Amino acid sequence: MEPQKDGEACWRRIGVFGDATCTELQKVSHCSNCPVYTTAGRGLLERAAPEGYLEEWTAVLTKEKEAEPSDTTSILIFRLGGEWLALPTPVVSEVTEVRTIHSVPQRRHSILMGLVNIQGEIQLCVSVSELLGIERNNIPSRPTDLSGYQRMVVVERERTRWVFPVDEVYGVSQFSLGALHDVPATVAQASGPYTKGTLTWQEKRVGYLDEERLFDAFKRHIS
Amino acid sequence: MLLVLFSIGTDRYALDSTQIVEIIPLVSLKKIPHAPEPVAGLLHYRGQLVPVIDLSQLIQGHPCRHQLNTRILLVHYPDRTETSHILGLLAERVTETIQKNKKDFLPSGVTVTEAPYLGRISPDEQGMIQCVLVEHLLPDSLRACLFAPAREQR
């Protein structure tokens, strides 16, 4: 098959980017799966290197490689009120927009906020801010649109899921376990017993939560 | 096993990826005057000096063209004393890797004393791919030249 004809590549003439009359499409279904396309792509490298490219690379390769820290853990950083907190990403199963929390009859002083519909399944919604004693800015029980920062975080352990609302989710970050500082005794750290330590992130102090203690607390408050 | 493909002329060859340290572009090399022909030069690689062999010159007698896809494969080269050195192999069309099973390879049946590094062959729809055995790549004379025990250098 002639890849180039009058300067026009076959994928643009008879392929998916053209009129799709190529018989090969029945076999490969898209040009990107066709060996003619991949060979042509590789053929783009059959040319002399651009100016300055090799000089730049020669300089780069003389330097030692920076050793990347290997003992990093992936964490999800989020905010409750004025406090930034983190959980290890393996326990986080989802971050979603705020959903309606359907309240259930319950004892007072419980961290259970009610029930939430996440992806068609009813999940228990708890208040981590209540558990940790952190005051949040405002707690809407009705959904807000995504332009607000509030989200709901879904965590999971041993196939049991819990959902809790947060004021902001930064996202996922990496940190080195060696960078974990102990919780300072002098500072009034509300989350104290539930924190493994504090991290410094973007010049802020982030409380790294102990997920085991958190889950145990959730279970205790529900039973 | 994962193999890195390269071309010498129109023939395709493969290297076992487990022997490869890094694949880098064809950067400037220090030429070594009066060195044997396949020696392309010395490479300054992250603080150490690595000799580079032009595989096209070694295998087929003419040097590699300097295209964007001509690259240097840095491999672990074990010498007779079992110490490992890093050796640079300059080759053309280093753009692909493929997964193959050991059973896809047939012995070539032909032993060439001048080319003890030519290994098994795997046929595919585009032709045949021949494995290159790094440990047999350098003839004794070349190995002695590149990896002689360190002498006092004035």
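About the cut-offs
- Per chain, residue numbering runs from 1 following the sequence as it is written.
- Chains carry letters from A onward and ligands carry numbers from 1 onward, assigned in written order.
- Local features are withheld for residues below a pLDDT of 70 in this predicted model, meaning they are given only at 70 or higher, and side-chain atom pairs are given and counted only at 80 or more; totals for whole chains, interfaces and linings count all residues.
- As a rule here, side-chain values come from all non-hydrogen atoms in the structure, and water together with hydrogens is ignored.
- Note on conventions: DSSP H or I runs of at least 4 residues are helices, E runs of at least 2 residues are strands, and numbering of each starts at the N terminus.
- Contact criterion: two residues are considered in contact whenever any of their non-hydrogen atoms come within 4.5 Å of each other.
- Residue burial considers only the protein chains on display, and all accessible areas are found by Shrake-Rupley using a 1.4 Å probe.
- Exposed residues in this analysis have more than 50% of their type's maximum accessible area, buried residues have under 20%, and partly exposed residues fall in between, with area computed by a 1.4 Å probe over protein chains only.
- When a carboxyl oxygen of Asp or Glu lies within 4 Å of a side-chain nitrogen of Lys or Arg, that pair is called a salt bridge.
- We treat two strands as partners when DSSP finds at least two bridges between them.
- Axis definition: a line fit to C-alpha positions, over the contact stretch in the case of helices; interaxial angles, taken between N-to-C directions, run 0 to 180 degrees.
- Each Phe, Tyr or Trp ring (for Trp, its six-membered ring) is paired with any other whose centre lies within 6.5 Å, and the angle between the two planes then decides the class: stacked below 30 degrees, edge-to-face above 60, tilted in between.
- Think of it this way: Lys and Arg go in the positive column, Asp and Glu in the negative one, and His and the chain ends go nowhere.
- N or O atoms closer than or at 3.5 Å make up a polar contact, with two conditions inside protein: a donor-capable atom paired with an acceptor-capable one, and, for residues adjacent in sequence, both atoms drawn from side chains.
- For the purposes of this section, nonpolar cores are sets of buried Ala, Val, Leu, Ile, Met, Phe, Trp, Tyr and Cys residues that join through side-chain atoms within 4.5 Å.
- Note: pLDDT gives the predictor's confidence per residue, expressed from 0 to 100.
- By convention, the term buried area covers the 1.4 Å-probe accessible surface removed from two parts as they join, with the contributions of both added.
- Classification convention: Asp, Glu, Lys, Arg as charged; Ala, Val, Leu, Ile, Met, Phe, Trp, Tyr, Cys, Pro as nonpolar; all other residues, Gly among them, as polar.

### A closer look at the overall build of chain A
Consideration 1: Secondary structure assignment for chain A yields six helices and twelve strands.
Consideration 2: Of all intrachain contacts in chain A linking residues separated by at least 6 positions in sequence, the fraction that spans at least 24 positions is 55%.
Consideration 3: About 13600 Å² of surface is accessible on chain A, with carbon and sulfur atoms providing 50% of the total.

### Concerning the overall build of chain B
Consideration 1: Helix and strand counts for chain B come out as two helices and nine strands.
Consideration 2: Along the chain direction, N to C, the helices and strands of chain B fall in the order β-β-β-β-β-α-β-β-β-β-α.
Consideration 3: A burial count over chain B gives 47% of its 154 residues as buried.
Consideration 4: A separation threshold of at least 6 residues defines the contact pool for chain B, and within that pool the share at least 24 residues apart is 55%.

### Structural notes on the pattern of salt bridges
Consideration 1: Scanning the model with the defined rule gives 15 salt bridges over all chains in all.
Consideration 2: Asp216 of chain A serves as the salt-bridge partner of Arg157 of chain A, at 3.3 Å between the closest nitrogen and oxygen. Note that Arg157 of chain A is positioned in strand β8 (residues 151–157) and Asp216 of chain A in helix α6 (residues 211–222), a separation of 59 residues in sequence.
Consideration 3: Relative accessible area serves as the criterion here: at 16%, Arg157 of chain A is assigned to the buried category.
Consideration 4: Classification of Asp216 of chain A by relative accessible area gives partly exposed; the value is 35%.
Consideration 5: Linking Arg65 of chain B and Glu92 of chain B is a salt bridge whose minimum nitrogen-to-oxygen distance equals 3.4 Å. With Arg65 of chain B in the loop between α1 (55–60) and β6 (71–78) and Glu92 of chain B in strand β7 (residues 84–99), this pair connects stretches of sequence that are 27 residues apart.
Consideration 6: Exposure remark for Arg65 of chain B: the relative accessible area of 38% places this residue in the partly exposed category.
Consideration 7: Salt bridges here are not isolated pairs; linked through shared partners, they connect Glu46 of chain A together with Arg65, Glu92 and Arg93 of chain B.

### A word on the sheet that holds strand β9 (residues 160–166) of chain A
Residues and elements named next belong to chain A.
Consideration 1: Ordered by their spatial adjacency, five strands build an open sheet running β5-β8-β9-β7-β6, and the pairing between neighbours is mixed. A single partner strand is all that each edge strand has here, and the edge strands are β5 (92–97) and β6 (112–118). For this sheet, the mean angle separating the axes of adjacent strands, direction not counted, is 30°.
Consideration 2: Two elements, β6 and strand β7 (residues 121–126), share six bridges in a ladder whose sense is antiparallel. Bridging across to β7, Asn117 finds its partner in Ile122.
Consideration 3: The sheet contacts of α6 involve β6, β7, β8 and β9, and relative to β8 the element is tilted by about 95°.

### Focus: the packing of aromatic side chains
Consideration 1: Under the defined criterion, the tally for this structure stands at nine aromatic pairs over all chains.
Consideration 2: When the ring of Phe6 of chain B is compared with that of Tyr13 of chain B, the centres are 5.9 Å apart and the planes differ by 20°; the resulting orientation is stacked. The pair Phe6 of chain B / Tyr13 of chain B is uniform in exposure class, with both members buried.
Consideration 3: Among the aromatic side chains, those forming a connected cluster through ring pairs are Trp84, Tyr170 and Trp201 of chain A.

### Structural notes on the side chain of Glu94 of chain A
All names here are of chain A.
Consideration 1: Here Glu94 is to be found in strand β5.
Consideration 2: Here Glu94 occupies a buried position and makes no salt bridge, while the nearest side chain of opposite charge, Arg161, is found at 4.3 Å.
Consideration 3: For Glu94, the side chain forms a polar contact with the side chain of Gln119, separated by 3.1 Å.
Consideration 4: Excluding residues within four positions of it along the chain, Glu94 makes contact with Ile118, Gln119, Met152, Val153, Val154 and Arg161.

### Notes on the nonpolar core
Consideration 1: Ranked by internal contacts, the top residues of the largest apolar core, which has 27 residues, are Phe6, Leu15, Ile53, Leu87 and Leu89 of chain B.
Consideration 2: Looking at this core, the elements with two or more residues in it are β1 (2–8), β2 (11–16), α1, β6, β7 and α2 (140–146) of chain B.
Consideration 3: No other element matches the four residues that β7 of chain B contributes to this core.
Consideration 4: Every residue in contact with Leu15 of chain B, bar those within four places of it in the chain, is listed here: Leu2, Leu3, Val4, Phe6, Ile20, Leu73, Val75, Leu89, Val132 and Val134 of chain B.
Consideration 5: Counting residues in hydrophobic clusters, the runner-up holds 25 residues, among them Leu76, Leu132, Ile134 and Val153 of chain A.

### A few points about the pairing of β8 of chain A
Residue and element names in this part refer to chain A.
Consideration 1: The element β8 is largely enclosed, with a buried count of six among its seven residues.
Consideration 2: Two strands pair when backbone bridges link them, and β5 and β8 are joined in this way by five bridges, in the antiparallel orientation. Residue pairing in the sheet places Val92 in a bridge with Val155 of β8.
Consideration 3: Direction of pairing for β8 relative to β9: antiparallel, over a ladder of seven bridges. The residue bridging Arg151 from the neighbouring strand is Val166, located in β9.
Consideration 4: Between the end of β8 and the start of β9, which pair antiparallel, lie two residues, with Glu158 showing a positive phi angle near 50°.

### Re the confidence of the model for chain A
Consideration 1: Per-residue confidence for chain A gives a mean pLDDT of 81; residues scoring 70 or more make up 84%.
Consideration 2: Predicted confidence in chain A is weakest over strand β1 (residues 4–5) of chain A, with a mean pLDDT of 54, and strongest over β8 of chain A, with 93.

### So, the interface of chain A and chain B
Consideration 1: With 17 residues of chain A at the contact, the number on the chain B side is 19 residues.
Consideration 2: Buried area between chain A and chain B, both sides added, is near 1700 Å², and the carbon and sulfur share of it is 56%.
Consideration 3: The largest per-residue losses of area from chain A upon contact with chain B belong to Leu45, Glu46 and Leu61 of chain A, which jointly make up 37% of the total buried on that side.
Consideration 4: Linking chain A to chain B there are three salt bridges.
Consideration 5: In this structure, the salt-bridge partner of Glu96 of chain B is Arg42 of chain A, at a minimum N-O distance of 3.5 Å.
Consideration 6: Residue classes in the side of chain A that touches chain B are distributed as nine nonpolar, two polar and six charged.

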